[in-house]
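A structural walkthrough
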Amino acid sequence: GSDVREAAPVLAPFQQWDANHYLHIARDGYFPADAGPWTAGWDNREAFFPGYPMLLRAVHVIVPDWTAAGLLISLVAAWTCRGARGTSRRAGSRRSGPG
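Given the structure is predicted, the values throughout are model-derived calculations rather than measurements. (Residues numbered from 1 in each chain as written. Predicted model: local features only at pLDDT ≥ 70, side-chain atom pairs only at ≥ 80, totals over all residues. Heavy atoms only, no water.)

Observations concerning the overall build of the chain
Our working rule: Helix numbering and strand numbering both begin at the N terminus, where a helix is a DSSP run of H or I of at least 4 residues and a strand a DSSP run of E of at least 2. Under the scheme applied here, a residue whose accessible area is under 20% of the maximum for its type counts as buried, over 50% as exposed, and between as partly exposed, the area being computed with a 1.4 Å probe on protein chains only. Accessible surface is estimated by sampling points in the Shrake-Rupley manner with a 1.4 Å probe; for residues, cover comes only from the protein chains shown.
Looking only at helices and strands, the chain has three helices and zero strands in total. Reading the helices (α) and strands (β) of the chain from amino to carboxyl end gives α-α-α. The 99 residues of the chain split such that 25% are buried. Here the chain has roughly 7200 Å² of accessible surface; of this, 63% comes from carbon and sulfur atoms.

Thoughts on the packing of aromatic side chains
Where we set the bar: For this analysis, a ring pair means two rings from Phe, Tyr or Trp (six-membered ring only for Trp) whose centres lie within 6.5 Å, classed as stacked if their planes differ by under 30 degrees, edge-to-face if by over 60, and tilted for the remaining angles.
Under the criterion given, the structure shown has four aromatic pairs. On the numbers, 5.0 Å between centres and 70 degrees between planes, the contact of Tyr 22 with Phe 48 is edge-to-face. One end of the pair, Tyr 22, is in helix α1 (residues 19-28); the other, Phe 48, is in the loop between α1 and α2 (51-60), with 26 residues separating them in the sequence. The interplanar angle of 10 degrees and the centroid separation of 5.9 Å between the aromatic rings of Phe 31 and Trp 42 together place this pair among those described as stacked. With Phe 31 in the loop between α1 and α2 and Trp 42 in the loop between α1 and α2, this residue pair connects regions lying 11 residues apart in the sequence. Put simply, the rings of Tyr 22, Phe 48 and Tyr 52 touch in pairs and so form one group of aromatic residues.

Considering the side chain of Asp 65
Here is the rule we go by: Between N or O atoms, a polar contact is any pair within 3.5 Å; within protein, one atom must be a potential hydrogen donor and the other a potential acceptor, and residues adjacent in sequence are included only when both atoms are from side chains. Contact between two residues is taken to exist if any of their heavy atoms lie within 4.5 Å; hydrogens are not considered.
Residue placement: Asp 65 occurs in the loop between α2 and α3 (66-96). Residue class for Asp 65 comes out buried when judged on its relative accessible area of 18%. At 3.0 Å, the side chain of Asp 65 forms a polar contact with the backbone nitrogen of Thr 67. Contacts of Asp 65, omitting those with residues within four sequence positions, involve Leu 11 and His 60.

Focus: the nonpolar core
The nonpolar side chains of soluble globular proteins are, as a tendency, buried together. For the record, the criterion: Here, nonpolar core refers to any group of buried Ala, Val, Leu, Ile, Met, Phe, Trp, Tyr and Cys residues whose side-chain atoms link them within 4.5 Å.
One finds Leu 23, Ala 26, Leu 56, Val 59, Val 63, Trp 66, Ala 69 and Ile 73 forming the largest nonpolar core, which totals eight residues. Listed by contribution, the elements that provide at least two residues to this core are α1, α2 and α3. For this core, the element with the highest residue contribution is α3, accounting for three residues.

Notes on the layout of surface pockets
To keep it simple, the criterion reads: Only protein atoms enter the 1 Å grid, on which a cavity is a set of points fitting a 1.4 Å probe that cannot get out and a pocket is an open set with protein on both sides within 12 Å along at least 5 of 7 lines, lining residues being those with an atom within 4 Å of a point. Grid points are joined across faces, edges and corners, and a volume is the space filled by probe spheres set on the points. In this count, Pro and Cys sit with the nonpolar residues alongside Ala, Val, Leu, Ile, Met, Phe, Trp and Tyr, while Asp, Glu, Lys and Arg are called charged and the others, Gly among them, polar.
Roughly 230 Å³ of internal volume is contained in the largest pocket. What lines the largest pocket is a set of 13 residues, and nearest its centre among them are Phe 14, Ala 19, Tyr 52, Gly 70 and Leu 71. Put simply, the parts of the chain that give the lining of the largest pocket at least two residues each are α1, α2 and α3. When residues of the lining of the largest pocket are assigned to their parent elements, the largest contribution, five residues, is made by α3. Considering only residue class, the lining of the largest pocket consists of eight nonpolar, five polar and no charged.

Focus on α1
For α1, every residue scored as buried is listed here: Leu 23, Ile 25, Ala 26 and Arg 27. Directly beyond the C-terminal end of α1, a positive phi value near 90 degrees is found at Gly 29.

Now the structure itself:
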């Protein structure tokens, strides 16, 4: 079933490129209703790894808008990477000693 709504205007810029492929995988799975590479107009969704779509589906349980759920995942991932980078920089500066 297609319960995907158009993104709110503020979220529309984030619903581009591979976002729709991941959204379709999260919503419908890789091969919904006997569709697949043998079907005309197939979108090659089997080329995408399953980690992000699984996470998107889980977050969508809490955040009802698919695009907002995807954006939240991306922001948390960026924030986590930034924190890890800061931690490794501090650890590196302690090892190297005074300038």
